[in-house]
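Close look at the chain arrangement
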Amino acid sequence: MPKRNVPRLAAVYGIDIGKNIFHVVGLGSDGVPVQKVRFRRDTLLRFFARAAPAIVGMESCAGSQWIARKIQALGHKVRLIPAQFVKPYVKSNKTDVIDAEAIAEAATRPTMRFAALKSEEQADLQALHRVRDQMIGTRTRLINQMRAFCLEYGIALRQGAGLFKLDLPQVLEDQSNDLSPAMRKLLANLFADLRQLEHRIGDLTREIEAIANREDVARRLMTIPGIGALGATALLAAIGNGRHSRSQQSRAKATRTFSLLSQPISKPSEHHLMFERSTAT
């Protein structure tokens, strides 16, 4: 590592994340920059492996969670900051180095709101939920498109996905309607795509439900009326232990709720009572 890239003693580092190039600015305990360097992805972690433990701030963006976990494992305290909260600290014209310095300064603010650092398990679970939600949206758009095609030929199908899946095969088999051969073939292919998509949604749903059944906290959350496997796992993936809630009061509520749900109990109904007490104030 070149001499200029050897870590200097700093209280906080700010990282401007790029796809391949990363700009790092180190601030001393007095807030004055002591080091400004740039790295490629393969040398960034080597720098922080040699640096003394410090606060490391970065914007919460694509790729930040992986870097945060790696740097935290090296003994540093990582803080992820939503991009909109960094902007007020940007001075002069926007450059990568100025952005990194602004991130470092924002990371030291006592009232700053930080994004949660997710574990690999949380990231995996959140990805499952996002892909499933995307597929459900795709399914809705596909049904609406097929419904619109049928209307162009004077065929109105009943509302609702379930009724649509019952009606469309009958429409395709009915040779007396006004569907052209080309449209009949196109609708049949789209309906096959819909079936395949629903099969994939079902696979993801079962995978999420299996995770919910394995996770102790998720099982306890599901004892609360109105919270099922999807809701419990989405909650775990999004907020983890609740320590990054938006205010001290909401953070205390979330921490108290998770603490109560982690206690051994004798009756499932007691979870509901504990949850009500924890969120009553």
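Everything quoted here is computed from the prediction, not taken from an experiment.

When you line up the elements, N177 lands in the loop between α6 (161–173) and α7 (181–214). Look at N177 and you get buried, because its relative accessible area is 17%. For N177, the side chain forms a polar contact with the main-chain oxygen of V171, separated by 2.9 Å. Reaching out from N177, the side chain makes a polar contact with the backbone nitrogen of L179 at a distance of 3.2 Å. If sequence neighbours within four positions are ignored, N177 has contacts with I155, V171 and R184.

Here we come to the sheet that holds strand β3 (residues 33–40). Neighbouring strands of a sheet are bound in pairs by backbone hydrogen bonds; such pairs are parallel or else antiparallel. Reading across from one edge, β3-β2-β1-β4-β5 is the order of the five strands in this open sheet, with mixed pairing throughout. A single partner strand is all that each edge strand has here, and the edge strands are β3 and β5 (77–81). Within this sheet the neighbouring strands show an average axis-to-axis angle of 20 degrees, counted without direction. Pairing analysis gives four bridges linking strand β1 (residues 12–16) to strand β4 (residues 55–59), with the strands arranged parallel. The residue bridging I15 from the neighbouring strand is M58, located in β4. Those strands touched by helix α1 (residues 41–50) are β1, β2 (21–27), β3 and β4, and its axis lies near 140 degrees from that of β3.

Before going further, it helps to spend a moment on the pattern of salt bridges. Scanning the entire structure with this criterion turns up nine salt bridges. A salt bridge links K91 to E105; the nearest nitrogen and oxygen atoms lie 2.7 Å apart. Of the two residues, K91 sits in the loop between α3 (83–86) and α4 (96–107) while E105 sits in helix α4, which places them 14 residues apart along the sequence. The partner of D216 in a salt bridge is R219, with the nearest N and O atoms 3.2 Å apart. Of the two residues, D216 and R219 both sit in helix α8 (residues 216–221), three residues apart, roughly one turn of that helix. By relative accessible area, D216 is classed as partly exposed at 32%.

Quick look at the packing of helix α5 (residues 120–151) against helix α9 (residues 229–239) now. For the pair α5 and α9, interaxial distance at closest approach is 8 Å and the crossing angle is 125 degrees. Our classification of the angle between α5 and α9 gives oblique. Viewed along their axes, α5 and α9 form a crossing whose handedness is left-handed. Taken together, the residues of α9 that come into contact with α5 (itself represented by Q122, L125, Q126, H129 and R132) are L230, T233, A234, L236, A237, A238 and I239. Here the contact of α5 with α9 is composed, by residue class, of seven nonpolar, four polar and one charged.

Reading the values: the criteria
- The residue numbering used here restarts from 1 in each chain and proceeds along that chain's sequence as written.
- Side-chain atom pairs in this predicted model are given and counted only at pLDDT of 80 or more, local residue features only at pLDDT of at least 70, and totals for whole chains, interfaces and linings cover all residues.
- Calculated side-chain values reflect all of the structure's heavy atoms, with hydrogen atoms and water omitted.
- Secondary structure follows DSSP: runs of H or I at least 4 residues long count as helices, runs of E at least 2 residues long count as strands, and numbering of each begins at the N terminus.
- Burial classification: accessible surface area is computed with a 1.4 Å probe over protein chains only, and a residue below 20% of its type maximum counts as buried, one above 50% as exposed, and the rest as partly exposed.
- In protein, a polar contact means a hydrogen-donor-capable atom and an acceptor-capable atom, both N or O and within 3.5 Å, with residues adjacent in sequence counting only if both atoms are side-chain atoms; elsewhere, any N or O pair within 3.5 Å suffices.
- The contact definition used throughout considers only heavy atoms, calling two residues in contact when any of these lie within 4.5 Å.
- In this analysis, strands are considered paired if DSSP registers two or more bridges between them.
- Lines fitted to C-alpha atoms define the axes, with helix axes restricted to the stretch in contact, and inter-axis angles between N-to-C directions lie between 0 and 180 degrees.
- For this analysis, a salt bridge means a side-chain nitrogen from Lys or Arg found within 4 Å of a carboxyl oxygen belonging to Asp or Glu.
- In these notes the angle categories are as follows: under 35 degrees is roughly parallel, over 145 is roughly antiparallel, 65 to 115 is roughly perpendicular, and the rest is oblique.
- Handedness of a crossing follows from how the near helix is turned relative to the far one, being left-handed for an anticlockwise turn of less than a right angle and right-handed for a clockwise one.
- Residues are sorted three ways: Asp, Glu, Lys and Arg are charged, Ala, Val, Leu, Ile, Met, Phe, Trp, Tyr, Cys and Pro are nonpolar, and all the rest, Gly among them, are polar.

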